[in-house]
Amino acid sequence: MKLIVLAPEDDNHTAPIKWAMEKAGQKVVCWAGLSWSEEGQSSLLMNGDDTLVLGGHSVDAGDVIWIRRPEPPVPNPKVSESDKKFAALEYRSFYHSIAYFLETLPVWCINRYSAARVMIQKAVQMRLASKCGLKTPATLMSNHPATVREFFARQNSRNICKGFTPHVWQKEGKMSVAITETFELGADQLPNDEVLTYAPAIYQERVPKEFDIRMVLMGNHIYSYALKNKKQALDWRQDAGLGHVTAELVPTPPDVEKGVLEFARQSGLCFGSLDFGVDAEGKWWFLEINEQGQFLWIDQFNRDARLLEKFCAFVTSPQGSTLPLEARQDLFPSLEEYEELLKREQVPPTARGRTDDPFLSMEA
Amino acid sequence: MDNDNRVLTRMGARELTEQEVETVTGAFKTRRTLTPCFVDSKQQLLNGDQAIGECGP
């Protein structure tokens, strides 16, 4: 068995996990995604004995494919201007063929591409979560001004607004940025109708939360961490970056655990990061799941979490195993050890820059 | 910021000062850069819970 990671080697989660797996004697290869360059080339042969090769690495029975964060397909820039659109579409179609074809092979995909594509849709998540018995806030996704106003006119309602995707606006020539964040919005703060059509948004009943939960799902295993910040900010993400948040392991209520495992079963996801808000009565409200969400940062905030080791134990266990990951986590080194090597520049740096980030806009 | 024709989500965005951006920039130096919203303006990178590929067509 080998682990094939669909992500650049310097992705900030791929690099430490590859290092930890290799330290434990496991074979790991990375494929950054489909591109014209030699390391990005792929072949899918169906001729009786079907084979798939990703950047020179054959996909073999028993392999584990972690579809972490492949880069979008990159066509050869030298292609004729007249053929650029066609080539781009062909690259995209071929990538989809590869990603879906993986599901038909005797390999374990974390996660299956078809499940991931459906479950990144926040509307689908909310509906399935509710169906699985998880508590969800009233939610409207809309660009229809009258419906938005009607939603905000619900009696005694407090609401928030958030985007479907994150985004950063950077001022020209400056380092300061503005970043999308969940924010409270009152009916009297709604802008004029035209603004509501500039971009659709998610409007949601404000969960009266006392604190947040970041939950990590690894197969049949669930780890929940209470995130508390002194500022009690509505959105803890930037506060986490600024170090104002603590992450403490907490037990998952049995009904929530049951709901999450049912959600995983029905969605087909075996891995993901989930967010909940916990109210004063101790009720857990499902907010969202990111099937390839960040999780190693919890190890940075709470050294006892050992999610890096648990993830390595997870991907080297048989698919669907119910044995505790803790039983095998000691086979792998820790993130702290990796960070020490990184500080001493004994492992390559992570997170190279992108010149074309679709999540970033410049503004005057 | 001229709010006349900006999207609502931009109006509710959190402004991070240069100092705050520096705090969450710099790979593992601050030990917090794996967080679900890691802005690296030096590298023009937003690294978070959602991947770029997830949001593409």
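Now for a description of the structure that goes with this document. All values derive from a computational prediction rather than experimental measurement. (Residues numbered from 1 in each chain as written. Chains lettered and ligands numbered in written order. Predicted model: local features only at pLDDT ≥ 70, side-chain atom pairs only at ≥ 80, totals over all residues.)

1. Focus on the overall build of chain A
- From N to C terminus, chain A includes 11 helices and 19 strands.
- Taking 364 residues into account, the globule formula puts the C-alpha radius of gyration at 21 Å, and chain A, at 22 Å, falls close to it.
- Counting only C-alpha atoms, chain A reaches 65 × 60 × 45 Å along its principal axes.
- Counting over 364 residues, chain A shows a buried share of 41%.
- Put simply, of all contacts in chain A between residues at least 6 apart along the chain, 67% involve residues at least 24 apart. (Helix = DSSP H or I, 4+ residues; strand = E, 2+ residues; numbered from the N terminus. Rg over C-alpha atoms; globule rule 2.2 N^0.38 Å. Buried ≥ 20, exposed ≤ 12 C-beta atoms within 10 Å, placed from the backbone. Contact = placed C-beta atoms within 7 Å.)

2. Description of the overall build of chain B
- Summing up its helical and strand segments, chain B has three helices and three strands in all.
- Listing each helix as α and each strand as β along chain B from the N terminus yields α-β-α-β-β-α.
- Burial status across chain B gives 49% buried among its 57 residues.

3. Observations regarding the sheet that holds strand S12 (residues 183–185) of chain A
Residue and element names in this part refer to chain A.
- Strand order in the open sheet formed by four strands is S8-S13-S9-S12, and the pairing between neighbours is antiparallel. Pairing within the sheet leaves two strands with one partner each, and these edge strands are strand S8 (139–142) and S12. Taking the axes of each pair of neighbouring strands and ignoring which way they run, one obtains an average angle of 30° across the sheet. (Pairing = 2+ DSSP bridges. Axes fitted to C-alpha atoms, helices over the stretch in contact; angles between N-to-C directions.)

4. Things to note about helix H2 (residues 84–102) of chain A
All names here are of chain A.
- For H2, with 19 residues, the first-to-last C-alpha span of 27 Å sits near the 27 Å given by 1.5 Å per residue.
- Three or more residues of H2 are buried, namely Tyr91, Tyr95, Ile98, Ala99 and Leu102. Along the long axis of H2, the arc covered by the buried residues comes to 95°, so they all point the same way. The exposed residues of H2 that point more than 90 degrees off its buried face are Lys85, Phe86 and Ser93.
- Summarising the contacts, the buried residues of H2 are in contact with strand S3 (42–45), strand S4 (51–54), strand S6 (64–66), strand S7 (108–110) and helix H3 (113–119). (Expected span 1.5 Å × (residues − 1). Arc of directions from axis to C-beta.)

5. Observations regarding the nonpolar core
Residues and elements named next belong to chain A.
- In terms of nonpolar packing, the biggest core is built from 82 residues, with Ile65, Trp66, Ile110, Phe276 and Cys312 touching the most fellow members.
- Among the elements that take part in this core, helix H10 (residues 307–315) stands out by supplying seven residues, more than any other.
- Beyond its immediate stretch of four places on either side in the chain, Ile110 contacts Val64, Ile65, Trp66, Ile67, Cys270, Phe271 and Val315. (Core = buried A, V, L, I, M, F, W, Y, C linked by C-beta atoms within 7 Å.)

6. Focus: the environment of Ile213(A)
- Inspection of the secondary structure assignment puts Ile213(A) in strand S14 (residues 209–218).
- Not counting residues within four places of it along the chain, the set of residues in contact with Ile213(A) comprises Ser224(A), Tyr225(A), Ala226(A), Leu227(A), Phe276(A), Val278(A) and Trp284(A).

7. With respect to the environment of Val118(A)
- By the secondary structure assignment, Val118(A) is in helix H3.
- Measuring from C-alpha to C-alpha, the distance between Val118(A) and Val216(A) comes to 19 Å, with 98 residues separating the pair along the chain.

8. Describing the sheet that holds strand S11 (residues 177–179) of chain A
- Taken together, four strands build an open sheet; the order of strands is S19(A)-S10(A)-S11(A)-S1(B) and the sheet is mixed. The open sheet has two edge strands, strand S19 (360–363) of chain A together with strand S1 (14–16) of chain B, and neither has a second partner. On average, each strand axis in the sheet is inclined to that of its neighbour by 25°, with strand direction left out of account.

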